[in-house]
Structures are given as structure tokens and as C-alpha cells.
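So you can see what is in the structure, the chains are spelled out below.
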Amino acid sequence: MAKKTVITKVLDANAQDGIIEFPQNRTLYADQFTDNAPTTDDEREGFKAKNLKEVFEHYQPSKEGVMLDTEDGGSVYEDFQFRQIKDFDDDQLIAQSELMSEKKAKIDAYNSIISKLEKNKPLRNALKDKDARESFKNALQSLLAEINEAE
């Protein structure tokens, strides 16, 4: 039988605001996820939705002009759309961002190289020797120069 999570609002005479109990194994996002102010009386009074899908369809939350830092110290502004709860996951946010997608691809490539280097015992042994390491470095630089010439 599944457990039901209930969030209750507790009002205490000494408390200035209501306190909402929230389970420890959940994440609560509390931010303004749209740049648009409410324009109708219905929006000001509160929209009555039956499920999250209706909330996302009605409000269509988005965040425009989010500043992200580039590797060279510059800034890029990107927009994010939220159409369902999973859009707040790291992978979904990265998928919406060109800059973060490029950075993730580089990180994945570096991690793949590191993993292969850790598994390659002859290469690890060669890198321990100073002369062999220098030869390997020169070979890689030569390959890089050939690749750059081919472009």
C-alpha cells in the first residue's frame, strides 16, 4: 500500500506566518518562475487547479534572461521553459541550455578519457616514466597539429 504525503498548514498564535510542514525526502522549489505579473482578477485571487498539469498549462512558467557565465569570463543569457515537474531536473535544464549542453559534453568527454586512462595499464606505466611521458606528449601534440591542419 502506498503512503500518502500530506502537507498541512499550522497556524500558531505566536507565529507571524503560517508554517507548512514538508517531508524531508522531497524538494520544494520556491521562486518566481515567470516574469509576468498576474493580469486578471482570477489570477490575483488564485487559480483553482485539480492537478499539476492544469497548473503548468494555465501559468506556463518560464524564466527569461538567466545569466550564465562562459569559460572565457563572459556572460550568456538563456531562457528556460517549465511545462512539467521534471523540467526542473538537472538533465532537463541542461538540455534547454546550449551553453550547459556544450559544457556537459566536454565534461563527459574528459571523464571518458580519464576512465580509459585509468583502465589502460600499459599507458599508466608509460606515464610514470619521465622519458616515455615526454614522448607520449610529443606524439599527442603531433596528432593535434595534423588534425588542425586537416580542418
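Residues numbered from 1 in each chain as written. Predicted model: local features only at pLDDT ≥ 70, side-chain atom pairs only at ≥ 80, totals over all residues. Heavy atoms only, no water.

Caption draft 1: Structural view of the overall build of the protein chain. Looking only at helices and strands, the protein chain features 6 helices and 4 strands. Overall, the protein chain shows an N-to-C arrangement of helices and strands of β-β-α-α-β-β-α-α-α-α. Restricting the contact set of the protein chain to residue pairs at least 6 apart, pairs at least 24 apart contribute 24%. Total accessible area on the protein chain stands at roughly 13,100 Å², and carbon and sulfur atoms take up 52% of it. (Helix = DSSP H or I, 4+ residues; strand = E, 2+ residues; numbered from the N terminus. Contact = heavy atoms within 4.5 Å. Areas by Shrake-Rupley, 256 points an atom, 1.4 Å probe, with all protein chains shown as cover.)

Caption draft 2: Broad picture of helix α4 (residues 98–119). Its 22 residues give α4 an end-to-end C-alpha distance of 32 Å, which sits within 8% of 32 Å, the value for a rise of 1.5 Å per residue. The N-cap of α4, judged by a side-chain oxygen 3.1 Å from the amide nitrogen of Met-100 a few residues on, is Ser-97. (Expected span 1.5 Å × (residues − 1). Polar contact = N/O pair within 3.5 Å; in protein donor to acceptor, adjacent residues only side chain to side chain.)

Caption draft 3: Up close: a nonpolar patch on the surface. Side chains of Tyr-110, Ile-113 and Leu-117 sit close together on the surface and give an oily, nonpolar patch of about 300 Å² of accessible area. With respect to the helices and strands, the residue Tyr-110 is situated in helix α4. On the basis of relative accessibility, which here comes to 54%, the residue Tyr-110 falls in the exposed class. (Patch = residues over 30% accessible without salt bridge, like charges linked within 9 Å, V, L, I, M, F, W, Y side chains within 5 Å. Salt bridge = Lys/Arg side-chain N within 4 Å of Asp/Glu carboxyl O. Buried < 20%, exposed > 50% of the residue type's maximum accessible area, 1.4 Å probe, protein only.)

Caption draft 4: How the structure looks around the environment of Asp-91. Looking at where Asp-91 falls in the secondary structure, it is placed in helix α3 (residues 90–96). The exposure class assigned to Asp-91 is exposed, which follows from its relative accessible area of 53%. Here the alpha-carbon distance between Asp-91 and Lys-104, two residues 13 residues apart in the chain, equals 9.7 Å.

Caption draft 5: Up close: the environment of Pro-61. Considering the arrangement of structural elements, one finds Pro-61 in the loop between α2 (52–59) and β3 (62–69). Sequence-wise, Pro-61 and Gln-81 are 20 residues apart; in three dimensions their C-alpha atoms are separated by 6.4 Å.

Caption draft 6: The pairing of strand β4 (residues 75–81), seen in detail. Sheet analysis places β3 next to β4, joined by 6 bridges and oriented antiparallel. Looking at β4, one finds that Met-67 is bridged to Tyr-77. (Pairing = 2+ DSSP bridges.)

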